[in-house]
Amino acid sequence: MMNELERDLFARSIRAALESGHRLALEDALDDTGWYEALTAEPRTAISILFELQGESNAGPSLDAVMAWALDPDDPAPAVVLPPLGRWDAPAERHGDQLVVAGMATERLGRAEIAQVGTWSGGRTEIHTIRTAQLEVRAITGMDPVLGLLAVRGTVEVAPAPGREAGDAWNRSIAFGRLGLSHALVGAARRMLELARAHAIERVQFGRSISSFQAVRHRLSDSLVAIEAAEASLAAAWDLGSGLSASVAKAVAGRSGRLVSRHAQQVLAGMGFTAEHPLHRFVRRTLTLDQLLGAATSLTESVGEQLLRSRTLPAGQPL
């Protein structure tokens, strides 16, 4: 297990790679710092450090690396076909000897020759490895085009034999993906709060810094409470290690990120709407990350339905 000094050096190396602004430089840095080895040995440390730094710097989250490792820790694929925005079910269906793929991916899929895809087939989830050349890929230019998400579609021929049954692996991959995205949302929220706080201290109205106004202070304090709630939910999810707790953490992080973005926009006022100020990039990223692998609203409904069906409460976090 990393000690405090090793953890600090690990974080510094990743931060330096993120500040370079090059995705390939980050991948080289992850290799050089032993991040992939840390992912296997200490997934909580590896994922929390990388994704929170990516959230703070507005860099695209390394979702493929985590989800591919969770699908097959011994031989992770270079890319994964993700469910469409707002969903978390397998993005492909099997019809005979064909897979009908309708999902999305990160820009990493555009550089990979193969990718793994979860497939719904005959009442079970299978995992198939497919060649990316067989897929139709186009850029998604919506709320956050800088993130580099891709729409992925295609009909792929597969062997007649059933694929590897991997319902547990798919659920595990979704759970780890949600934990990573939750850390990225926390990082982005923390950065938005910093931007709002700095503006509140510098901005003067009626001869006083607006940080002395009660309405502004309430928005900043509510933002801090929301971030700490997301961090507490994440800590509980890591400790409990269940898919349900990961869903709760993602729902809380998404809701907290949206709340912080609203408060930060109110504090920054007109300044926050300008293209020159960085806030809009974090607002866009927060809205998009919230949708990946299930938005806060849909996850809250899903968790509630699970609890109603089971009529039991999950184990609580020991105090």
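Structure: see above.
Residues numbered from 1 in each chain as written. Predicted model: local features only at pLDDT ≥ 70, side-chain atom pairs only at ≥ 80, totals over all residues. Heavy atoms only, no water.

Q: Can you walk me through helix α1 (residues 4–20) in this structure?
A: The end-to-end C-alpha distance of α1 is 25 Å, a good match for the 24 Å that 17 residues give at a rise of 1.5 Å each. For α1, the set of buried residues is Phe10, Ile14, Ala17 and Leu18. Each buried residue of α1 lies within a common arc of 100 degrees when the element is viewed along its axis, so the set occupies one face. Away from the buried face of α1 by more than 90 degrees, exposed residues Glu4, Leu5, Arg12 and Glu19 are located. Here α1 starts with a cap whose side-chain oxygen sits 3.1 Å from the backbone nitrogen of Leu5, and that cap is Asn3. (Helix = DSSP H or I, 4+ residues; strand = E, 2+ residues; numbered from the N terminus. Expected span 1.5 Å × (residues − 1). Buried < 20%, exposed > 50% of the residue type's maximum accessible area, 1.4 Å probe, protein only. Arc of directions from axis to C-beta. Polar contact = N/O pair within 3.5 Å; in protein donor to acceptor, adjacent residues only side chain to side chain.)

Q: Where do I start with the pattern of salt bridges in this structure?
A: Between side chains of opposite charge, a pair can form as their charged atoms come close. One pass over the full model with this rule turns up 14 salt bridges. Residue Arg87 pairs with Asp89 through a salt bridge whose shortest N-O separation is 2.8 Å. Overall, Asp89 belongs to the partly exposed group, its relative accessible area being 34%. One salt-bridge network, in which partners are shared between bridges, spans Arg15, Glu52, Glu56, Arg190 and Glu231. (Salt bridge = Lys/Arg side-chain N within 4 Å of Asp/Glu carboxyl O.)

Q: Which parts of the structure should I look at to understand the layout of surface pockets?
A: Rolled over the atoms, a probe sized like a water molecule indicates the empty space that remains. Here the largest pocket defines a volume of roughly 660 Å³. Put simply, the parts of the chain that give the lining of the largest pocket at least two residues each are β1 (92–95), β2 (98–105), α6 (167–202), α7 (214–240), α8 (243–268) and α10 (296–310). Residues belonging to the lining of the largest pocket are distributed by class as follows: 17 nonpolar, 10 polar and five charged. (1 Å grid on protein atoms, 1.4 Å probe; cavity = no way out; pocket = protein on both sides within 12 Å on 5 of 7 lines; lining within 4 Å. Points joined across faces, edges and corners; volume = space filled by probe spheres on them. Nonpolar A, V, L, I, M, F, W, Y, C, P; charged D, E, K, R; others polar.)

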